[in-house]
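Observations on the model geometry
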Protein chains: 2
Amino acid sequence: MAEGDSMRVAVIGGGQLARMMVPAAINLGIDLRVLAESEGMSADLAATDVGDYRNVDKVLQFCSTADVVTFDHEHVPQAVLHALVDAGLAVHPGPDALLAAQDKLHMRAALTGLGIPVPRWAAVADSAELATFLEQNNGAAVVKTARGGYDGKGVRIVRAATEADDWFAALAEDGNGGSLLAEELVDFRRELAQSVARRPSGQVAAWSAVESIQRDGVCAEVIAPAPGLDPELARVAADIATAIAEALNVTGVLAVELFETADGRILVNELAMRPHNSGHWSIEGSVTSQFEQHLRAVLDLPLGDTAPVAGWTVMVNILGGPTTGTMADRYQNAFAAFPGVKIHNYGKDPRPGRKVGHVTAMGDDLDTVLHEARAMAALFGD
Amino acid sequence: MAEGDSMRVAVIGGGQLARMMVPAAINLGIDLRVLAESEGMSADLAATDVGDYRNVDKVLQFCSTADVVTFDHEHVPQAVLHALVDAGLAVHPGPDALLAAQDKLHMRAALTGLGIPVPRWAAVADSAELATFLEQNNGAAVVKTARGGYDGKGVRIVRAATEADDWFAALAEDGNGGSLLAEELVDFRRELAQSVARRPSGQVAAWSAVESIQRDGVCAEVIAPAPGLDPELARVAADIATAIAEALNVTGVLAVELFETADGRILVNELAMRPHNSGHWSIEGSVTSQFEQHLRAVLDLPLGDTAPVAGWTVMVNILGGPTTGTMADRYQNAFAAFPGVKIHNYGKDPRPGRKVGHVTAMGDDLDTVLHEARAMAALFGD
């Protein structure tokens, strides 16, 4: 710990989100401590310990000297979260808020209870209930496992009730019973994302709503702000995210994935209670990045300005990475071709479909910015 | 080391310049290793070893696995630098270039030999020679020790030849003989700084020339770009820095401190061969920060775009820091008052005159930006 530091934040999980908190922590003079799942994780530089986030004793010991505990992911079990709270630690977001990010059925029920617009949905316990849902929804549904899904995993479009039989069988084997989430197949124009940050003492700050372009269920590109978004819908998106943050008592960054429907409505798709891929553009593109804002928020410090820095910011993920060699092997070509595009290399070995980095381009002409970001990312992907 | 990393940079010195290289290294996926002078230094997060930079064996051992060796400061002795080169390590900047940043007499002679405009100067070995210089220069001179000065230390304005007797005596005691540097007292309108970066393979990139405002010989504020600078003088400043970088074979960032004289000339004051206080504005204010550019340059990677991100960027140093408590104790007030101003907390204990951090503000109206940066910095300084 550097001599003048005085705030210590413990982060559970050592992936790229923890890694990208490090620059913000350095600027703010925060002593960031990361509990990584294993050696050689993305946030290795700040990883001060390695251990299992499901192990109550390990997590308690790791967090014991922290002013605040926060997360790289949402998979820490409720029992561990409650043990941290019971030990008197400041946990942001807290267990009750996180439950809505951990369990999609809980999330849908909570949002419906708040009057937040969501797709038509039902908890379906077996194929008969799914058949009923299909009948009522034009014969198609998006079926999701309530827990454990991410990046398109645990999500399936079904048109026959038998198409989820394996998941029902798995639920039965668990011994927990439980249901799947069935949702209408939304006729959407595009996907949006709206991030906000909220302090324990109540202040909320919203970034511009962005357009999020998915490929194979994984975020591929983000355009900030969402091009041509009706200002009224932008207001609705910000209001929805603010209402969710306040009602669920979310602390830190909340990212709300949204559908802009073909008939001009905004519906909530998913929630994430941490910095999110749809907000990586903010590192260069906003006066305050989502990583700095998350640290400010969990420490209950006044939030930073969320204004954009440029007319357009485009973030493109590097999915999979080079088929031969490392990302760094491509730097000579990529940097020479696009001197104004910024790279974020997560320090992970390339693997098909894996998020190994992203690039960000900024400027006043959207077509140019899109081209530069896509072309630079492509140089790392073949 | 994270699994996908492949470039390792060793930094000798663990001050705030090494600290501010860390965010850039994280983004680029560079494994940055810092040899700090002691525990608890500013770059503690990346400090992988502690030791004396004057100890050849220690430095050689620390650097042995690095792809490139670079520096937080210019105090590494020539014998150590040459030992690194002799061991086959890539040292950037190299010993010959660094000599001009280590020895002001060497620097003045080198620049004069290159035809670069500098103040009138002489090497003065005793008070008689200083008396002659004073006679020839209107009875006033700036006298500097050739080595070891920084932030106004080792610099004295004299009007009588006896006023440097203590320094002459110290030189004689050294047993090395040697001289002081005497310079004309330049009638300058203001001080400017011009930074460039240069790769070993030759590419040079320049940022905008900036205005640097000193107080008590220490950089207090930087305005980027230099307000109202004649475009012809801006071109001269960039050409001078480029010429120096090329002629002295500087690799990495070169910062050239300049006088804009009352009669409209540009003269070189000092050189620094590393990221420099006059370039901290570039962290937020330029597409490519001086810290990222330094890493690109020393790794011989194509340089990034140096365009400004906003109309005006103002950097104000936090000198000394709070008289009571820590910088973090002031965050509630400061962040609430100036949500758009960025803080860089170097993690150092406050001490009169010590650079403990800086703030950066950006925008289109210079008066507003200046006010915000100065007022935010002031909140940390009383």
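Residues numbered from 1 in each chain as written. Chains lettered and ligands numbered in written order. Predicted model: local features only at pLDDT ≥ 70, side-chain atom pairs only at ≥ 80, totals over all residues. Heavy atoms only, no water.

1. With respect to the nonpolar core
Counting 93 residues, the largest nonpolar core has Ile 343 of chain A together with Ile 343 of chain B as the members making the most contacts within it. If we ignore the near neighbours within four places in the chain, the residues touching Ile 343 of chain A are Ile 318, Met 327, Tyr 331, Phe 335, His 358, Val 359, Met 376 and Phe 380 of chain A together with Asn 27 and Leu 28 of chain B. In terms of nonpolar packing, the next biggest core, distinct from the first, is built from 45 residues, Val 76, Leu 98, Ala 101 and Leu 229 of chain A among them. (Core = buried A, V, L, I, M, F, W, Y, C linked by side-chain atoms within 4.5 Å. Buried < 20%, exposed > 50% of the residue type's maximum accessible area, 1.4 Å probe, protein only. Contact = heavy atoms within 4.5 Å.)

2. Quick look at the UniProt feature "binding site: ATP" (unreviewed entry) in chain A
Residues and elements named next belong to chain A. Following the UniProt record, one finds the feature "binding site: ATP" (unreviewed entry) at Lys 104, Lys 144, Glu 183, Glu 184, Leu 185, Val 186, Glu 191, Asn 269 and Glu 270. Looking at the secondary structure, you find Glu 191 in strand 9 (residues 188-198). Among all residues touching Glu 191, those that are not within four sequence positions of it are Val 210, Glu 211, Ser 212, Gln 214, Leu 258, Phe 259 and Asn 269. Here Glu 270 shows up in strand 14 (residues 266-272). Beyond its immediate stretch of four places on either side in the chain, Glu 270 contacts Lys 104, Met 107, Lys 144, Ala 255, Val 256 and Glu 257. Among the polar contacts made by the side chain of Glu 270, one reaches the side chain of Lys 104 at a distance of 3.2 Å. (UniProt positions renumbered as here; feature names shortened; annotations may be inferred. Helix = DSSP H or I, 4+ residues; strand = E, 2+ residues; numbered from the N terminus. Polar contact = N/O pair within 3.5 Å; in protein donor to acceptor, adjacent residues only side chain to side chain.)

3. Some remarks on the interface of chain A and chain B
With 48 residues of chain A at the interface, the matching set in chain B holds 48 residues. When the two sides are added together, the surface that chain A and chain B hide from each other amounts to roughly 4000 Å², 54% of it contributed by carbon and sulfur. On inspection of chain A and its partner chain B, the count reaches two salt bridges. Residue Lys 342 of chain A is joined to Glu 292 of chain B by a salt bridge in which the shortest nitrogen-to-oxygen separation is 3.1 Å. Linking chain A with chain B are 20 residue pairs in polar contact (both at pLDDT 80 or more). Those elements that place two or more of their residues in the side of chain A that touches chain B are helix 1 (16-28), helix 10 (290-298), helix 11 (331-337) and strand 16 (342-345) of chain A. Split into classes, the residues belonging to the side of chain A that touches chain B amount to 22 nonpolar, 13 polar and 13 charged. (Buried area = accessible area lost by both parts, 1.4 Å probe. Salt bridge = Lys/Arg side-chain N within 4 Å of Asp/Glu carboxyl O. Nonpolar A, V, L, I, M, F, W, Y, C, P; charged D, E, K, R; others polar.)

4. Structural notes on the packing of aromatic side chains
Pairs of aromatic rings are described using the distance from one ring centre to the other and the angle between the two planes. Under the counting rule described, the total for this entry stands at six aromatic pairs over all chains. Taking the centre distance of 4.5 Å and the plane angle of 20 degrees together, the rings of Tyr 331 of chain B and Phe 335 of chain B count as stacked. One end of the pair, Tyr 331 of chain B, and the other, Phe 335 of chain B, are both in helix 11 (residues 331-337), four residues apart, so they sit about a helical turn from each other. The exposure class assigned to Tyr 331 of chain B is buried, which follows from its relative accessible area of 0%. Three or more aromatic residues joined by ring pairs make a cluster, and in this case those are Tyr 331, Phe 335 and Phe 380 of chain A. Positioned over the ring face of Tyr 53 of chain A is Arg 54 of chain A, at 5.8 Å from the centre of the ring. The aromatic ring of Phe 335 of chain B is capped on one face by Arg 296 of chain A, whose charged end is 4.0 Å from the ring centroid. (Phe/Tyr/Trp six-rings, centres within 6.5 Å; stacked < 30°, edge-to-face > 60°. Lys NZ or Arg CZ within 6 Å of the ring centre and 35° of its normal.)

5. Digging into the environment of Val 22 of chain B
Relative to the elements of secondary structure, Val 22 of chain B occurs in helix 1 (residues 16-28). Distance from Val 22 of chain B to Val 34 of chain B, taken between C-alpha atoms, is 9.7 Å for residues 12 residues apart in sequence. Ignoring anything within four residues of it in the chain, the contact list for Val 22 of chain B reads Ile 26 and Leu 45 of chain A together with Leu 32, Leu 45 and Ala 46 of chain B.

6. Structural notes on the pairing of strand 1 (residues 7-12) of chain A
All names here are of chain A. The buried fraction of strand 1 is high, at six of six residues. Neither face of strand 1 is left uncovered, since the one carrying Met 7, Val 9 and Val 11 and the one carrying Arg 8, Ala 10 and Ile 12 both have all their residues buried. For strand 1 and strand 2 (residues 30-36), the ladder comprises six bridges, and the chain directions are parallel. Counterpart to Val 9 in the pairing with strand 2 is Leu 32. (Pairing = 2+ DSSP bridges.)

7. Side note on the relation of the copies chain A and chain B
Copy one and copy two of the chain differ by a rotation about an axis and a translation along that axis. Laying chain A over chain B is done by rotating through 180 degrees and shifting 0.0 Å along the axis; what remains is an RMSD of 0.0 Å. This pairing of chains is accounted for by a two-fold axis. For chain A, the residue whose C-alpha comes nearest the rotation axis is Pro 23 of chain A, separated from it by 2.3 Å. (Least-squares fit on C-alpha atoms with pLDDT ≥ 70 in both.)

8. Overview of the sheet that holds strand 4 (residues 68-71) of chain B
Residue and element names in this part refer to chain B. Reading across the sheet, the four strands line up as 3-2-1-4 and stay open at both edges, with parallel pairing between neighbours. Lying at the two open borders of the sheet, with one neighbouring strand each, are strand 3 (47-50) and strand 4. Shown here is a sheet whose adjacent strand axes are inclined to one another by a mean of 25 degrees, direction ignored. (Axes fitted to C-alpha atoms, helices over the stretch in contact; angles between N-to-C directions.)

9. Considering empty space enclosed by the protein
Applying the stated rule across the entire model yields four cavities of 30 Å³ or more. In the lining of the largest cavity, the residues fall into four nonpolar, seven polar and no charged. (1 Å grid on protein atoms, 1.4 Å probe; cavity = no way out; pocket = protein on both sides within 12 Å on 5 of 7 lines; lining within 4 Å. Points joined across faces, edges and corners; volume = space filled by probe spheres on them.)

10. As for the pairing of strand 11 (residues 210-215) of chain A
All names here are of chain A. Summarising the sheet, strand 9 and strand 11 pair through three bridges and their orientation is antiparallel. The residue bridging Glu 191 from the neighbouring strand is Ser 212, located in strand 11. Where strand 11 and strand 12 (residues 218-224) come together, five bridges link them in antiparallel fashion. Within the sheet, the bridge partner assigned to Arg 215 lies in strand 12 and is Val 218. Hairpin connection, strand 11 to strand 12: the antiparallel pair is bridged by two residues, and Asp 216 has positive phi, about 55 degrees.

11. Looking at the domain arrangement of chain A
Residues and elements named next belong to chain A. Per the domain assignment, the segments of chain A are domain 1 (7-91), domain 2 (120-183) and domain 3 (188-378). One C-alpha centre belongs to domain 1, the other to domain 3, and the line joining them spans 23 Å. Across the boundary between the two partners, domain 1 contributes 19 residues, which contact 20 residues of domain 3. At the boundary of domain 1 with domain 3, total buried surface from both sides reaches about 1700 Å², with 70% on carbon and sulfur atoms. At the junction of domain 1 with domain 3, the criterion picks out one salt bridge. Salt-bridge contacts for Arg 274 lead to Glu 74; the nearest nitrogen and oxygen are separated by 3.4 Å. When residues of the side of domain 1 that touches domain 3 are traced back to their parent elements, those giving at least two are strand 1, helix 1, strand 2 and strand 4 (68-71). Looking at the side of domain 1 that touches domain 3 element by element, the count peaks at eight residues for helix 1. Residues of the side of domain 1 that touches domain 3, tallied by class, amount to 12 nonpolar, four polar and three charged. (Domains from an automatic or database assignment.)

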